[in-house]
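Spelled out from the first residue to the last, the chains are:
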Amino acid sequence: MMDMTNKQSFTELKNMLSHVDARYFLDRSCLLITQVRDSEKLSSGAVGFDAVEDLSRRFNLQVICCQLEDDNDCEMARQRILTLLEVSAGLRTNMTPAILNSTRRMFPYHRRADDMQD
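All residue numbers refer to position in the chain's written sequence, counted from 1. Where totals are concerned, whole chains, interfaces and linings use all residues; where local detail is concerned, this predicted model gives features only for residues with pLDDT of at least 70, and gives and counts side-chain atom pairs only at 80 or more. Side-chain numbers here rest on the full set of heavy atoms in the structure, without hydrogens or water.

A. Region of the structure containing helix α5 (residues 71-88). Numbering of helices and strands runs from the N terminus; a helix is a DSSP stretch of H or I covering at least four residues, while a strand is a stretch of E covering at least two. Expected span of a helix: the number of residues minus one, times 1.5 Å. Under the 1.5 Å per step criterion, the end-to-end length of α5 is 26 Å for 18 residues, consistent within 8% with the ideal 26 Å. Of the positions making up α5, those classed as buried are D73, C74, A77, L84 and V87. Viewed along the axis of α5, the buried residues span an arc of 165°, placing them on a single side of the element. Exposed side of α5, more than 90 degrees from the buried face: D71 and N72 are the residues found there. G90, located one to two residues past α5, shows a positive phi value of around 80°. Exposed residues in this analysis have more than 50% of their type's maximum accessible area, buried residues have under 20%, and partly exposed residues fall in between, with area computed by a 1.4 Å probe over protein chains only. The arc under discussion is defined with respect to the helix axis, by the directions toward the C-beta atoms.

Take a look at the structure:
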C-alpha cells in the first residue's frame, strides 16, 4: 500500500521490496495506491505514475487505485483484492494467477486516475 501524495511512502515501499526476490510476487500480489486524486494537487511532494509503473513492472504487481475517503472506491478495491486472493489460493475453478495476470489491462491506474479527477 502506498500513498501517492507522500514520497516517503514510495521510498519505504521500494526499500522493503528490494529485500524480496521479484519472482516471489509473480502473479500473487498487488500494489494498492491511495490519494491518487490528491497527487495532482500536491505535485511537489507527490509520486509520479512513471515511478509506480516502473515498480509494478519490476515486481509484476497489479495496481489498484483507491481514494480512501470514497466508499465506492474502497468497495472496488476490496472486491479486486478478494478476487486476487481467491485466485491465488486456488478457490476459483478454471482460473490461475497467470490467467488473471494475462487478462488484466496494461496500466489500469492511468485510466482510473483520470476518472478520479472528474
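B. Summary view of the environment of V20. The residue V20 is located in the loop between α1 (7-17) and α2 (22-25) in this model. Placed 39 residues apart in sequence, V20 and F59 show a C-alpha to C-alpha distance of 9.4 Å.

C. View of the sheet that holds strand β2 (residues 30-34). Taken in spatial order, the three strands of this open sheet run β1-β2-β3, and their pairing is parallel. The strands lining the two open edges of the sheet, one partner per strand, are β1 (2-3) and β3 (62-66). Here, a strand pair is defined by DSSP locating no fewer than two bridges between the strands. Relative to β3, β2 runs parallel, the two sharing five bridges. Bridging across to β3, T34 finds its partner in C66. Packed onto the sheet, helix α4 (residues 49-58) meets β1, β2 and β3 and runs at close to 165° relative to β2. Only heavy atoms enter the contact rule, under which two residues are in contact if any of them lie within 4.5 Å. Only the stretch in contact is used when a helix axis is fitted, and all axes are lines through C-alpha atoms; the angle between N-to-C directions ranges over 0 to 180 degrees.

Limitation: the analysis is restricted to geometry and does not speak to function.
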